[in-house]
Amino acid sequence: MKFIHTADLHLGMEPDKDHPWSKMRSRELWDAFSGIIDRCGIMKTDLLLIAGDLFHKQPLVRELKEAAGLMAAVPDTRIVIIAGNHDYISGTSGYRNFKWPDNVSFLMSDRIGSVYFEDINTEVYGFSYHTRDIFEPLLDGLKPADPHRINILLGHGGEASKLPVDWKQLERAGFDYVAMGHLHKNIDISDRIRYAGSPEPLDLNETGRHGYIEGEISGSTFSEDGRIIPGTITTTRVESSKREYIKADIKIGTEDTYGSLRNRIKGLIDERGDSNIYILRLFGEYDPQISFDFEGLNDLGLIVRIIDETKPKLDLEKLYKENDGNVIGMFIDKMKSGPDNEINEKALYYGIMALTGNCPQNYY
Ligand SMILES: [Mn+2]
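Treat the numbers as computed from the prediction; the structure is a model and nothing was measured.

Cut-offs applied
- Residues numbered from 1 in each chain as written.
- Predicted model: local features only at pLDDT ≥ 70, side-chain atom pairs only at ≥ 80, totals over all residues.
- Heavy atoms only, no water.
- Helix = DSSP H or I, 4+ residues; strand = E, 2+ residues; numbered from the N terminus.
- Rg over C-alpha atoms; globule rule 2.2 N^0.38 Å.
- Buried < 20%, exposed > 50% of the residue type's maximum accessible area, 1.4 Å probe, protein only.
- Contact = heavy atoms within 4.5 Å.
- Areas by Shrake-Rupley, 256 points an atom, 1.4 Å probe, with all protein chains shown as cover.
- Lys, Arg positive; Asp, Glu negative; His and termini not counted.
- Charge placed at Lys NZ, Arg CZ, Asp CG, Glu CD.
- Donors = N, O, S within 2.8 Å, 3.2 Å for Na, K, Ca; no water.
- Axes fitted to C-alpha atoms, helices over the stretch in contact; angles between N-to-C directions.
- Parallel < 35°, antiparallel > 145°, perpendicular 65-115°, else oblique.
- Nonpolar A, V, L, I, M, F, W, Y, C, P; charged D, E, K, R; others polar.
- 1 Å grid on protein atoms, 1.4 Å probe; cavity = no way out; pocket = protein on both sides within 12 Å on 5 of 7 lines; lining within 4 Å.
- Points joined across faces, edges and corners; volume = space filled by probe spheres on them.
- Pairing = 2+ DSSP bridges.

Caption draft 1: Structural view of the overall build of the chain. Counting its secondary structure elements, the chain contains seven helices and 16 strands. Against the 2.2 N^0.38 benchmark of 21 Å for 364 residues, the chain shows a C-alpha radius of gyration of 28 Å, more extended than a compact globule. Referenced to the eigenvectors of the C-alpha coordinate spread, the extents of the chain come out at roughly 95 × 45 × 40 Å. A buried classification covers 49% of the 364 residues belonging to the chain. Put simply, of all contacts in the chain between residues at least 6 apart along the chain, 72% involve residues at least 24 apart. Carbon and sulfur atoms make up 49% of the accessible area of the chain, which amounts to about 17800 Å² in all. When the 43 positive and 58 negative side-chain charges of the chain are each reduced to one mean point, those points stand 1 Å apart.

Caption draft 2: The arrangement of the coordination of the manganese ion in detail. Taken together, D53 (OD), N85 (OD1), H156 (NE2) and H182 (ND1) make up the protein donors of the manganese ion, found 2.1 to 2.3 Å from the metal. If you list the donors of the manganese ion from N- to C-terminus, the spacing comes out as D-x31-N-x70-H-x25-H. In this pair, D53 sits in the loop between β2 (47-51) and α2 (61-72) while N85 sits in the loop between β3 (78-82) and β4 (104-106), placing the two residues 32 residues apart along the sequence. As far as the burial class goes, D53 and N85 line up, both buried.

Caption draft 3: Representation of the packing of helix α6 (residues 327-336) against helix α7 (residues 342-355) within the structure. Axis separation between α6 and α7 bottoms out at 10 Å; the angle between their running directions is 175°. Of the possible angle classes, the one that applies to α6 and α7 is roughly antiparallel. Taking contact as the criterion, the partners of V327, I328, F331, I332 and M335 in α6 are, on α7, N344, A347, L348, G351, I352 and L355. Residues that form the contact of α6 with α7 fall into these classes: nine nonpolar, two polar and no charged.

Caption draft 4: Looking closely at empty space enclosed by the protein. Overall, the coordinates contain one cavity of 30 Å³ or more when judged by the stated rule. Its volume calculated, the largest cavity comes out at about 30 Å³. Along its surface, the largest cavity is lined by L139, D140, G141, L142, D166, Q169, L170 and A173.

Caption draft 5: Quick peek at the sheet that holds strand β7 (residues 150-156). Reading across the sheet, the five strands line up as β5-β6-β7-β8-β9 and stay open at both edges, with mixed pairing between neighbours. Each having just a single partner strand, β5 (113-117) and β9 (193-195) make up the two edges of the open sheet. Averaged over all neighbouring strand pairs, the angle between strand axes comes to 20°, with direction disregarded.

Encoded structure:
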């Protein structure tokens, strides 16, 4: 039995909102879903598992129809869906009365239920969120009803306010595979319990490659004396994401100019790929007579954030000696007796820059 496990597609979301590429990313989330459906067709996948948060918020009918249209294109793949904490089934949820294609099973109840596919001898268990939070450990103590079947559990959450799970107990519960959603990074709890992660990264904390899980399960068999010989499972992570968030540290020195910084960032983006989205942390000490126009760097690529931890290089001792008794000297004195933290240090540097009129040449 061949399956694909995905979750947290968050269709309808606009990642990196207010950045120029946000709308494009929104479309790419749909492309990711469409890509997974295509893969099901190519691989003749028996079962597609969607472990919650297919949509980012309450889906519009238009969006449901769009998704259903894609799913109908692979009629030989059975698709099982649960709702997560983002697309939870509210009183007015579009999910409630929506008519899915024949190959789609939506486990709509807020209590554990299952769907059984006789031809692949596979039973899929799961339930949907009806509220944003679930504090009850609803999966604890759950066991598959029939060990002769391939048993799969769909779950969403795994943290205190989103369906807390006792992993050790779940590991022993007898499921051949537990397809989890909610964490957007791909995380393996064990060989049989996995988070697929979101097929595309959705914000700048979700660094690294993303994709989905492809697997194959052979059902349990029975020895002559009637003992269960457990089936085998193999899984592979398919890294399909179009883009990746990359965090990069860039050390600035007193030799750097705006132009040299630009060139270095351009080199970095050339090397790591211009389809990726960058979070740049700049640190080090710069020549106080140089200024960096961070806004001007935006044409180099998809830079979602610049974290500026640079400071001007100043010779404080020299500065203090030459300004002993005047306002600059008094300011340095005062600040040096302040708390030893980053804010105070920054205030000291900015203050000196202001008092010296951007710092005379001989003070760095
Ligand atoms: Mn979630």
